[in-house]
Amino acid sequence: MHRKFVVQLFAEEWGQYVDLPKGFAVSERCKVRLVPLQIQLTTLGNLTPLSTVFFCCDMQERFRPAIKYFGDIISVGQRLLQGARILGIPVIVTEQYPKGLGSTVQEIDLTGVKLVLPKTKFSMVLPEVEAALAEIPGVRSVVLFGVETHVCIQQTALELVGRGIEVHIVADATSSRSMMDRMFALERLARTGIIVTTSEAVLLQLVADKDHPKFKEIQNLIKASAPESGLLSKV
């Protein structure tokens, strides 16, 4: 069964379902559910606007002084959200413990996003997010960006893949307090079969054709190359 499903228990103290390990034993009445586990052996990485959702993770004010290249990450994140509005792609935004860490930075325009949700769990895969995804027909891919790469981004990506969703992490729109944590997380995720890509690649893949009716608007977004946000130090 574990090869086909993730078994989850509803945890009253957290108010949500959590994964159960192999070999678990149930000693009293409880609520459990089976989540289909669908991991593709080969990920092609095709993106289309009708089957894609953008996830913007924890781009909050209190992270500004701590996250490497945060100004660049904000700039690229805003470019992605503009592209989502142009192409009519749903956007889900989370904020990690906003009472202590503040709201999403003012530079990020949240106009028209589908959901802005506070959280304490590191992963964005919350019951409310799963419900929002269920309302969008034909979702196959999530474009994921924000902070921190090795914590909330990594845990979100792994949970989504475990639920059969293809994940594209935008490397120039995600970072951590430490470049070591950032780079090792991106390498680990790429080895898992998650697609590590760039903002320009995502936006151009979504329009796919110079004759796309929104191509000119997307072209205007990418006329100036995105900042490298420290990624070239790896080359």
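None of the values given here were measured: they were computed from a predicted structure.

Caption draft 1: Focus on the pairing of strand E5 (residues 91-96). The element E5 is extensively covered by neighbouring structure, given that six of its six residues are classed as buried. The two faces of E5 match: Val91, Val93 and Glu95 on one face and Ile92, Thr94 and Gln96 on the other face are all buried. Both strand E4 (residues 52-57) and E5 contribute to a ladder of four bridges, which runs parallel. Note that in E5 the partner of Cys57 across the bridge is Thr94. Handedness of the crossover joining E4 and E5 through helix H1 (residues 70-87) is recorded here as right-handed.

Caption draft 2: Spotlight on the environment of Val93. Here Val93 shows up in strand E5. Looking at Val93, the relative accessible area reads 1%, which means it is buried. Between the alpha carbons of Val93 and Leu117 there is a distance of 6.3 Å; along the sequence they are 24 residues apart. In contact with Val93, other than residues within four places in its own chain, are Cys56, Thr104, Leu110, Val113, Leu115, Val116 and Leu117.

Caption draft 3: Fine view of the packing of aromatic side chains. Inspection of every chain in the model, using the stated rule, returns one aromatic pair. Aromatic side chains Phe54 and Phe145 sit 6.4 Å apart centroid to centroid with 90 degrees between the ring planes, which places their arrangement in the edge-to-face category. Here the residue Phe54 occupies a position in strand E4, and Phe145 occupies one in strand E7 (residues 141-147), the gap between them amounting to 91 residues. Phe145 shares its class with Phe54; the two are buried.

Caption draft 4: Seen up close, the pattern of salt bridges. In total, this model carries twelve salt bridges according to the counting rule given. Note that Glu148 and Arg177 form a salt bridge whose closest N and O atoms lie 3.2 Å from each other. Here Glu148, found in the loop between E7 and helix H4 (149-162), pairs with Arg177, found in the loop between strand E8 (166-175) and helix H5 (179-191); they are 29 residues apart in sequence, far enough to count as distant. Judged by relative accessible area, Glu148 falls into the buried class, the value being 10%. When the shortest N-O distance is used, the salt bridge between Glu217 and Lys214 registers 3.7 Å. One network of salt bridges, in which partners are shared, links Arg33, Lys121, Glu130, Glu159 and Arg163.

Caption draft 5: Region of interest: the nonpolar core. Core analysis: the largest hydrophobic core is formed by 34 residues, its most contacted members being Phe54, Phe70, Leu80 and Phe145. A total of nine residues in this core trace back to one element, the largest contributor, which is H1. Setting aside anything within four residues of it in sequence, one finds Leu80 in contact with Phe54, Phe145, Val170, Ala173, Ser199 and Leu203. By size, the runner-up hydrophobic cluster in this structure holds 30 residues, among which are Cys57, Leu117, Ala157 and Ile194.

Caption draft 6: A look at H4. Over its 14 residues, H4 extends 18 Å from the first C-alpha to the last, a length consistent with the 20 Å expected when each residue adds 1.5 Å. Counting buried residues along H4, twelve of its 14 residues qualify, which places the element largely inside the surrounding structure. Taken as a whole, H4 has its buried residues at Thr149, His150, Val151, Cys152, Ile153, Gln154, Thr156, Ala157, Glu159, Leu160, Val161 and Gly162. At the C-terminal side of H4, Gly164 shows a positive phi close to 85 degrees.

Parameters and conventions
- Residues numbered from 1 in each chain as written.
- Predicted model: local features only at pLDDT ≥ 70, side-chain atom pairs only at ≥ 80, totals over all residues.
- Heavy atoms only, no water.
- Buried < 20%, exposed > 50% of the residue type's maximum accessible area, 1.4 Å probe, protein only.
- Helix = DSSP H or I, 4+ residues; strand = E, 2+ residues; numbered from the N terminus.
- Pairing = 2+ DSSP bridges.
- Right-handed = clockwise from strand over helix to strand, strands pointing away.
- Contact = heavy atoms within 4.5 Å.
- Phe/Tyr/Trp six-rings, centres within 6.5 Å; stacked < 30°, edge-to-face > 60°.
- Salt bridge = Lys/Arg side-chain N within 4 Å of Asp/Glu carboxyl O.
- Core = buried A, V, L, I, M, F, W, Y, C linked by side-chain atoms within 4.5 Å.
- Expected span 1.5 Å × (residues − 1).

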